[in-house]
Amino acid sequence: MTRVLLGVSASVALYKACDLASKLTQDGDEVRCVLTRNAAKLVAPQLFEAVTGRPAATDEFGAEREGAMDHIALARWAEALVVAPATAALIGRLAHGLADDLLGTLALAIDPARVPRLVAPAMNPVMYASAPVQRNLARLVEDGWTLCEPDTGRVACEDVGPGRLAEPERLRAALRALLGS
Ligand SMILES: Cc1cc2nc3c(=O)[nH]c(=O)nc-3n(C[C@H](O)[C@H](O)[C@H](O)COP(=O)(O)O)c2cc1C
């Protein structure tokens with residue numbers, strides 16, 4: 001059983017993150033989900049709470065907070081960090097160490113020597129191929145993140161190419177490989 005922190009950003013593919021959270025929970029993992037504020041506009045965090053049986057977080061300020069410093073508590077709790085789906089915006093924030101929301105902050109507070117980190121992009125193929133996104137992903141890999149490459153196919157906006165979030169089964173296999181290695 002692994003304590004998996006699942007970071008979810010505002011992509012149309014976040015329904016797959018819900019499936020992944022459910023599958024990992026059924027595997028026996030303890031899963032905590034952290035949604036960006038924009039992800040929480042696309043879907044209620046309660047959905048992730050329902051499939052994991054654990055509280056989902058979006059913000060560490062105001063009524064939603066659990067403790068004095070949720071970013072530190074969650075970072076210490078995690079044995080693996082999976083960011084899926086990762087938007088272009090979130091990839092940019094992670095690559096530049098921007099600690100301007102709960103997910104970005106706890107990602108910095110996680111000790112990379114102890115906790116494997118997996119990032120799974122999801123976006124329009126033109127966005128995915130863009131120089132800034134590719135630069136930011138290369139930087140994350142350089143920083144020790146493992147990249148779960150997107151699938152090639154038709155995305156929600158009907159363009160075709162690499163950019164579809166990897167299917168939950170592939171995400172799960174990538175996580176297991178990372179934990180086993
Ligand atoms: C319905 C919808 C779907 C979106 N899907 C994606 C996506 O798949 N990938 C992406 O990079 N941005 C996508 N966006 C744009 C992001 O939501 C936007 O860049 C946002 O600022 C990202 O916020 P976050 O990274 O904090 O979650 C989408 C926006 C909307 C409204």
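Note that this is a predicted model, so its numbers are computed, not measured.

J.: How should I be thinking about the side chain of His71 in this particular structure?
T.: Inspection of the secondary structure puts His71 in helix 4 (residues 70–77). Owing to a relative accessible area of 15%, His71 belongs among the buried residues under this scheme. In this structure the side chain of His71 is engaged in a polar contact, spanning 2.8 Å, whose partner is the side chain of Glu60. Those residues within four positions of His71 in sequence are excluded, and the remaining contacts are Glu60, Leu102, Thr105, Leu106 and Ala109.

J.: Sorry, what's going on with helix 4 here?
T.: An α-helical turn contains 3.6 residues, so a residue and the one three or four places further along point in the same direction. Within helix 4 the residues assigned to the buried category are Asp70, His71, Leu74, Ala75 and Trp77. Here the buried residues of helix 4 occupy an arc of 160° about the axis, which is enough to place them on one side.

J.: Before we go on, may I ask you to explain the sheet that holds strand 5 (residues 146–147) in this structure?
T.: Consider a sheet: its strands pair through backbone hydrogen bonds, and that pairing is either parallel or antiparallel. Strand order in the open sheet formed by five strands is 2-1-3-4-5, and the pairing between neighbours is parallel. Of all the strands in the sheet, just strand 2 (30–35) and strand 5 have a single pairing partner and so form its edges. Bridge count for strand 3 (residues 80–86) against strand 4 (residues 117–121) is four bridges, and the pairing is parallel. Its bridge partner lying in strand 4, Val83 is registered against Val119. With respect to the sheet, helix 5 (residues 88–95) is in contact with strand 3 and strand 4, its orientation differing from that of strand 3 by roughly 140°.

J.: Where do I start with the site of the ligand in this structure?
T.: In the vicinity of the ligand, 15 residues are found, and the nearest of them are Ala10, Ser11, Thr36, Thr87 and Ala122. A distance of 2.7 Å is found between an oxygen atom of the ligand and a side-chain nitrogen or oxygen belonging to Ser11. Interatomic distance of 2.7 Å between a backbone N/O atom of Ala122 and a nitrogen atom of the ligand. In isolation the ligand has 630 Å² of accessible area, and contact with the protein removes 63% of it. A breakdown of the residues in the shell around the ligand according to their chemical character gives nine nonpolar, five polar and one charged.

J.: I tried to follow the pairing of strand 6 (residues 151–154) on my own but got confused; where do I start?
T.: Every other side chain in a regular strand lies on the same face of the sheet, so the side chains alternate between the two faces. Bridge count between strand 6 and strand 7 (residues 160–164): four bridges; the pairing is antiparallel. In the strand pairing of strand 7, Asp151 is matched with Arg164.

Rules used in this analysis
- Residues numbered from 1 in each chain as written.
- Predicted model: local features only at pLDDT ≥ 70, side-chain atom pairs only at ≥ 80, totals over all residues.
- Heavy atoms only, no water.
- Helix = DSSP H or I, 4+ residues; strand = E, 2+ residues; numbered from the N terminus.
- Buried < 20%, exposed > 50% of the residue type's maximum accessible area, 1.4 Å probe, protein only.
- Polar contact = N/O pair within 3.5 Å; in protein donor to acceptor, adjacent residues only side chain to side chain.
- Contact = heavy atoms within 4.5 Å.
- Arc of directions from axis to C-beta.
- Pairing = 2+ DSSP bridges.
- Axes fitted to C-alpha atoms, helices over the stretch in contact; angles between N-to-C directions.
- Near = heavy atom within 4 Å.
- Areas by Shrake-Rupley, 256 points an atom, 1.4 Å probe, with all protein chains shown as cover.
- Nonpolar A, V, L, I, M, F, W, Y, C, P; charged D, E, K, R; others polar.

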